[in-house]
Amino acid sequence: MSRDPYLLPNGRVLRYSFHERLVHWLTGVSYVYLLLTGLAFWSPWLFWIAVILGGATISRELHPWFGLVFVFGVSLMYSLWHRQMKETPADKAWWASIGHYIRNEDDQIPSADRFNPGQKLLFWGFFWNGIVLLLSGLILWLPQYIPWNLRFLRLAAVFVHPVCALATIALFIIHVYMGTAMERGAFGSVIRGDVSRAWANKHHHTWYEQLLRNSAARK
Amino acid sequence: MSQAATELIRISGHAGVVPGAGLNREFQVCKLVDTTTCIGCKACEVACLEWNGYTFSETTFDNSYQTMPETAWNYWNLIKFNEHERADGSMMLLMRKDQCMHCADPGCLAACPADAAIVQYANGIVDFQEANCIGCGYCMTGCPFNIPKFDPPSRKVFKCTLCNDRVSVGLEPACIKACPTGCLHFGTKSEMKELAETRAEQLRTNSGFQDAGVYDPAGVGGTHVIYVLHDAKNPELYGGLPKDPRIPLSVRLWKGPLKWIGNFGIIFGAVGVFIHYLRFGPKVVKEDEQELHGGTP
């Protein structure tokens, strides 16, 4: 019997490959740095964060470079996941039962594929905001090269950049909360890569069933 | 500021009145640029470089007398030249000394995120403290006059200080000192405003410039550099002086409502997920429910 790549022999299921986990943390760590330094520039009451991170001059210097790392991570995520993140007709029913999801009434939620519609929202939210953050960030990075008659670009950038950053912060708060506190087992899946069969069956039933079918077909 | 230190309020062991007590001194300083008497000699440009210790920069020839297109990080004082054809076909060479306007409501300061990188003194001078500058360049976006300029090697932004170092010891700014025609004046804001209005009135009644007036834009709360213009209705003619400068709308929205909405949102989000946890707790997977619950709706 050949070993199934997803259904691991110890009763576990491979949720995220090593490559996926690496990309996740490359993006995650760079995002946290961007978030902390960005918050330091956002409010004088948070300027101390930049002091802790080596001073505001260094923070200002490195923030754009970490931005490039972040965008690189997001583009890798896009190549890895954009097909699985595609919206499907079934997503509507899932969103209609979002109240049940929030209240942990899990038996009343339509079954999810590898990524549930909430995760898709997170992904596309970071993807599109990431694009706008990149474009506005490039302008903010080198404002001295934007001539005075193209000043509207700088004026747009100083407003749009924090707006999109705030949108990602909203997603980030929910993502971190769900990944660490709310969904037990989810954090391990992005560290070690595997989840229990029961976890896969409960949270991503459609995906799990497909794995079982694929496994049966392989035998 | 320096005056305040020389003004007495109480004197020990002193019979009679305190000399000078209750005196109301005006601290607000102002530079008056009378464009109608400027001859474009650029003595102010040179004096600015000399006092502030910068060497002469490379000039750009652009079919005009102007030294370079706009002020630079190490060139804070620039006379802008404009050959203007009037309605009757006659030519006017409009010359305006461009430098920091020292706004009462400075856009650079509003946009700056670095603690104490930009300060505004009680006398009206807006000054950059380069030691605290983090080089983000937001001041360049906040300024409606295109004044702060970035120096890539030092990663700092520089601009005219209104010779704060001279003014604080009772001297007039270097540019004023150098002006040979007396088109530059320095004094208190009210004195300069009065002088400017007198000059504008003179131009209107004696010299036939019906639209002569004083440029002291209210949109930025007034400025500590004011101009007398032959044509105050068209300040753009004078090297692109904005008609109604204000702190840009996007900067005001970003530093105003967006900040409140954002801060509320972040706190609401963080508290919200915590309360959710208290109310609903985690989604726990019972390891034995795997085969029991398999149904797809």
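Residues numbered from 1 in each chain as written. Chains lettered and ligands numbered in written order. Predicted model: local features only at pLDDT ≥ 70, side-chain atom pairs only at ≥ 80, totals over all residues.

**Considerations on the overall build of chain A**
The secondary structure content of chain A amounts to 10 helices and two strands. Looking at chain A as a whole, 32% of its 219 residues qualify as buried. For chain A, restricting intrachain contacts to residue pairs at least 6 apart in sequence, the fraction spanning at least 24 positions comes to 64%. (Helix = DSSP H or I, 4+ residues; strand = E, 2+ residues; numbered from the N terminus. Buried ≥ 20, exposed ≤ 12 C-beta atoms within 10 Å, placed from the backbone. Contact = placed C-beta atoms within 7 Å.)

**Thoughts on the overall build of chain B**
In terms of regular secondary structure, chain B is built from nine helices and 10 strands. Relative to the 2.2 N^0.38 estimate, which gives 19 Å for 297 residues, the radius of gyration of chain B is 27 Å and therefore markedly larger than a compact globule would have. Reported as C-alpha extents along the three principal axes, the dimensions of chain B are approximately 100 × 70 × 40 Å. Pairs at least 24 residues apart make up 59% of the contacts formed inside chain B by residues separated by at least 6 positions. (Rg over C-alpha atoms; globule rule 2.2 N^0.38 Å.)

**Description of the interface of chain B and chain A**
Listed by partner, the interface residues are 41 residues for chain B and 41 residues for chain A. Broken down by secondary-structure element, the contributors of at least two residues to the side of chain B that touches chain A are α4 (138-142), α8 (249-255) and α9 (257-280) of chain B. Ranked by the residues each element gives to the side of chain B that touches chain A, the list is headed by α9(B), at 10 residues. When grouped by side-chain class, the residues that make up the side of chain B that touches chain A number 21 nonpolar, 13 polar and seven charged. (Nonpolar A, V, L, I, M, F, W, Y, C, P; charged D, E, K, R; others polar.)

**So, the domain arrangement of chain B**
All names here are of chain B. What the domain assignment reports for chain B is domain 1 (2-9 + 22-247) and domain 2 (248-282). Taken together, the contacts link seven residues of domain 1 with four residues of domain 2. Counting only elements with at least two residues in the side of domain 1 that touches domain 2, the list comes to α3 (107-111) and α4. Top element by residues in the side of domain 1 that touches domain 2 is α3. It accounts for three residues. The residue makeup of the side of domain 1 that touches domain 2, split by class, is four nonpolar, three polar and no charged. (Domains from an automatic or database assignment.)

**Side note on the pairing of strand β3 (residues 91-98) of chain B**
Residue and element names in this part refer to chain B. Sheet topology places strand β2 (residues 78-85) next to β3; eight bridges connect them, and they run antiparallel. By the bridge assignment, Glu83 is partnered in β3 with Leu93. Counting the residues in the hairpin turn of β2 and β3 gives five residues, including Gly89, whose phi is positive at 90 degrees. (Pairing = 2+ DSSP bridges.)

**Side note on unusual backbone geometry**
Residue and element names in this part refer to chain B. Even without being glycine, Leu162 reaches a positive phi, approximately 55 degrees. Its location among the elements puts Leu162 in the loop between β7 (156-158) and α5 (164-167). Non-glycine residue Cys163 carries a positive phi angle of around 50 degrees. Along the polypeptide, Cys163 turns up in the loop between β7 and α5.

**Observations regarding the pairing of strand β1 (residues 29-34) of chain B**
The side chains of a regular strand alternate between both faces of the sheet. Residue and element names in this part refer to chain B. In terms of burial, β1 is a largely internal element, six of the six residues being buried. Side-chain alternation along β1 places Val29, Lys31 and Val33 on one buried face and Cys30, Leu32 and Asp34 on a second face that is also buried. Where β1 lies against strand β8 (residues 184-188), five bridges are found, and the strand directions are antiparallel. Bridge pairing in β8 links Leu32 to His185. Judged from the four bridges that link them, β1 and strand β10 (residues 225-229) form a sheet pairing that is parallel. The residue of β10 that forms the bridge with Asp34 is Val228.

**Points about the sheet that holds β10(B)**
Residue and element names in this part refer to chain B. Spatially, four strands are ordered β8-β1-β10-β9 in an open sheet, and the strand pairing comes out mixed. Two strands close off the open sheet at either side, each with one partner strand: β8 and β9 (213-215). Across the sheet, the axes of successive neighbouring strands diverge by a mean angle of 25 degrees, strand direction being ignored. (Axes fitted to C-alpha atoms, helices over the stretch in contact; angles between N-to-C directions.)

**Examining the environment of A:Pro117**
Residue and element names in this part refer to chain A. Examined against the element boundaries, Pro117 turns out to sit in helix α6 (residues 117-141). Sequence separation between Pro117 and Ile98 is 19 residues; the distance between their C-alpha atoms is 9.9 Å. Contact partners of Pro117, with chain neighbours within four places excluded, come to Asp91, Trp94 and Trp95.

**Observations concerning the environment of B:Cys103**
Within the fold, B:Cys103 resides in the loop between β3 and α3. Along the backbone, B:Cys103 and B:Met140 are 37 residues apart, and their C-alpha atoms lie at a distance of 14 Å.

**Some remarks on the nonpolar core**
Considering soluble globular proteins, one finds that nonpolar side chains tend to be buried as a cluster. Core analysis: the largest hydrophobic core is formed by 84 residues, its most contacted members being B:Cys112, B:Cys139 and B:Ile226. Element by element, the count of residues in this core is highest for helix α7 (residues 151-182) of chain A, at nine residues. Apart from residues lying up to four places away in sequence, B:Ile226 is in contact with B:Cys30, B:Leu32, B:Met192, B:Lys193, B:Ala196, B:Val214, B:Tyr215 and B:Asp216. (Core = buried A, V, L, I, M, F, W, Y, C linked by C-beta atoms within 7 Å.)

**Some details on α7(A)**
In a regular helix each residue adds 1.5 Å, so 32 residues correspond to 46 Å; α7(A) covers 45 Å between its end C-alpha atoms and thus fits that length. Of all the bends found along α7(A), the most pronounced is centred on A:Ala157 and spans about 25 degrees. (Expected span 1.5 Å × (residues − 1). Bend = angle between axes of the 7 residues up to and from the residue.)

**Regarding the packing of α6(A) against α7(A)**
The description of two packed helices rests on the angle between their axes and on the distance between the axes. Residue and element names in this part refer to chain A. The contact between α6 and α7 brings their axes to 8 Å, and the two run at 150 degrees. Put simply, α6 runs roughly antiparallel to α7. Here the hand of the crossing between α6 and α7 comes out left-handed. Residues Leu122, Gly125, Phe126, Asn129, Val132, Leu133, Ser136, Gly137, Ile139 and Leu140 of α6 lie in contact with α7, whose contacting residues are Leu153, Arg154, Ala157, Val158, Val160, His161, Cys164, Ala165, Ala167, Thr168, Leu171 and His175. The residue makeup of the contact of α6 with α7, split by class, is 14 nonpolar, seven polar and one charged. (Parallel < 35°, antiparallel > 145°, perpendicular 65-115°, else oblique. Left-handed = near helix turned anticlockwise from the far one by under 90°.)

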